[in-house]
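For reference, the chains in residue letters:
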Amino acid sequence: MKHLLISFLTISILTGCQESPETKFEKNGISFTSPTGWKITDDENLDNQGYYLSIEKDGLNSSGLLIITWINDSLDLNEWLEKFIDKLENNIIYKNSNLTFETPASSEFNTIRSLSVSFDFNISGVKHEGIIHVFYGKDKTIAILKQEAIEDKKKNISGFDTIEQSFMNE
């Protein structure tokens, strides 16, 4: 019995430390590649009115996070971006983090013209930064939030690039 328990614990530890495999995501005309070492952690249909998806870099101390949300409708980009800003400002995690936003500006996400706003915040003494892009897709309005600890930028760049460069809306 003791050997069985030790074997079970060893297998649990080894499988818990494995990197998440590369995954292709395809739903409602949105597709992208979630790279090795990144995992889709939330995947939720919003009553057929839209979709919510989060992708995180593996590891307890990793900070890479990308959230993709879309609404199956055409929304005003300025208003939708403002709603995202309001949600972050009123979120308990960000509320006491010295969250600051820059002025929204024209930008691009994988060659798609977007309206974006950069932001930064500080959690437990660790400086983070992020950006929210909002843009129109085929029969939908899409928002993408990307954030990370500044100290993790080198670790996260290839994963973020893979997701962005593979992103398609058909």
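Residue positions within a chain follow its written sequence, with the count starting from 1. At least 70 in pLDDT is required for a residue's local features to be given in this predicted model, at least 80 for side-chain atom pairs to be given and counted, and no such filter applies to totals for whole chains, interfaces and linings, which use all residues. With hydrogens and water set aside, each side-chain value is computed from the structure's full complement of heavy atoms.

All right, on to the pattern of salt bridges then. Whenever a carboxyl oxygen of Asp or Glu lies within 4 Å of a side-chain nitrogen of Lys or Arg, that contact is scored as a salt bridge. What the rule picks out here adds up to three salt bridges. As a salt-bridge pair, K27 and D43 come within 3.2 Å of each other at their nearest N and O atoms. One end of the pair, K27, is in strand β1 (residues 23-27); the other, D43, is in strand β3 (residues 38-45), with 16 residues separating them in the sequence. The classification of residues rests on relative accessible area computed with a 1.4 Å probe and restricted to protein chains. Under 20% of the type maximum is buried, over 50% is exposed, and intermediate values are partly exposed. Taking the relative accessible area as the measure of exposure, D43 reaches 38% and is therefore partly exposed. We note a salt bridge from K153 to E129, for which the minimum N-O separation is 2.3 Å. With a gap of 24 residues between them, K153 in helix α4 (residues 153-166) and E129 in strand β9 (residues 126-137) connect regions that are remote in the sequence. Where helices and strands are cited, they refer to DSSP runs of H or I of at least four residues and of E of at least two residues respectively, numbered from the N terminus.

Mapped onto the elements of the fold, I71 is located in strand β5 (residues 65-71). The exposure class assigned to I71 is partly exposed, which follows from its relative accessible area of 24%. Sequence separation between I71 and T141 is 70 residues; the distance between their C-alpha atoms is 5.4 Å. Among residues more than four places away in sequence, those in contact with I71 are Q49, G50, W80, D139, K140 and T141. Whether two residues are in contact is decided by their heavy atoms, any of which lying within 4.5 Å being enough.

Strand order in the open sheet formed by three strands is β1-β2-β11, and the pairing between neighbours is antiparallel. The open sheet has two edge strands with one neighbour each: β1 and β11 (168-169). Bridging between strand β2 (residues 30-34) and β11 involves two bridges; their strand directions are antiparallel. Paired with I30 across the two strands is N169, which belongs to β11. Two strands pair if DSSP finds at least two bridges between them.

The next point concerns α4. Each full turn of the α-helix corresponds to 3.6 residues, which orients residues three or four apart in the same direction. To estimate how far a helix should extend, the number of its residues minus one is multiplied by 1.5 Å. For α4, which comprises 14 residues, the first-to-last C-alpha distance of 19 Å matches the rise-based estimate of 20 Å (1.5 Å per residue) to within 8%. Buried residues along α4 sit in contact with β2, β3, β4 (50-57), β5 and β10 (140-149).

Of all hydrophobic cores here, the largest spans 18 residues; its most connected members are L81, L88, L99, F119, I132, V134 and L145. Looking at this core, the elements that each hand over two or more residues are β5, α2 (77-89), β8 (112-123), β9 and β10. The element that contributes the greatest number of residues to this core is α2, accounting for six residues. Sequence-distant contacts of L99, that is, excluding residues within four places in its chain, are made with L88, E89, Y94, F119, D120 and F121. Judged by nonpolar contacts, the second largest core, of 17 residues, contains L53, W70, F135 and I163. As used here, the term nonpolar core means buried Ala, Val, Leu, Ile, Met, Phe, Trp, Tyr and Cys residues forming a set that is joined through side-chain atoms within 4.5 Å.

Looking now at the confidence of the model for the protein. Where the model shows low pLDDT, its predicted coordinates should not be examined in detail. Summing up the model confidence of the protein, the mean pLDDT is 90 and the portion of residues at 70 or higher is 90%. How sure the predictor is of each residue is captured by pLDDT, a score from 0 to 100. Across residues 1-15, confidence stays below pLDDT 50; counting only partners more than four residues off in sequence or on other chains, it has zero contacts.

Here the focus is the pairing of β8. When strand β6 (residues 100-101) meets β8, the two strands line up antiparallel, connected through two bridges. Along β8, the bridge assignment pairs F101 with F119. As defined by bridge partners, strand β7 (residues 105-109) adjoins β8 across five bridges and the pair is classed as antiparallel. Within β8, the position partnered with E108 by the bridge is R113. The loop that links β8 with its antiparallel partner β9 comprises two residues; one of these, S124, has a positive phi angle of about 50°.

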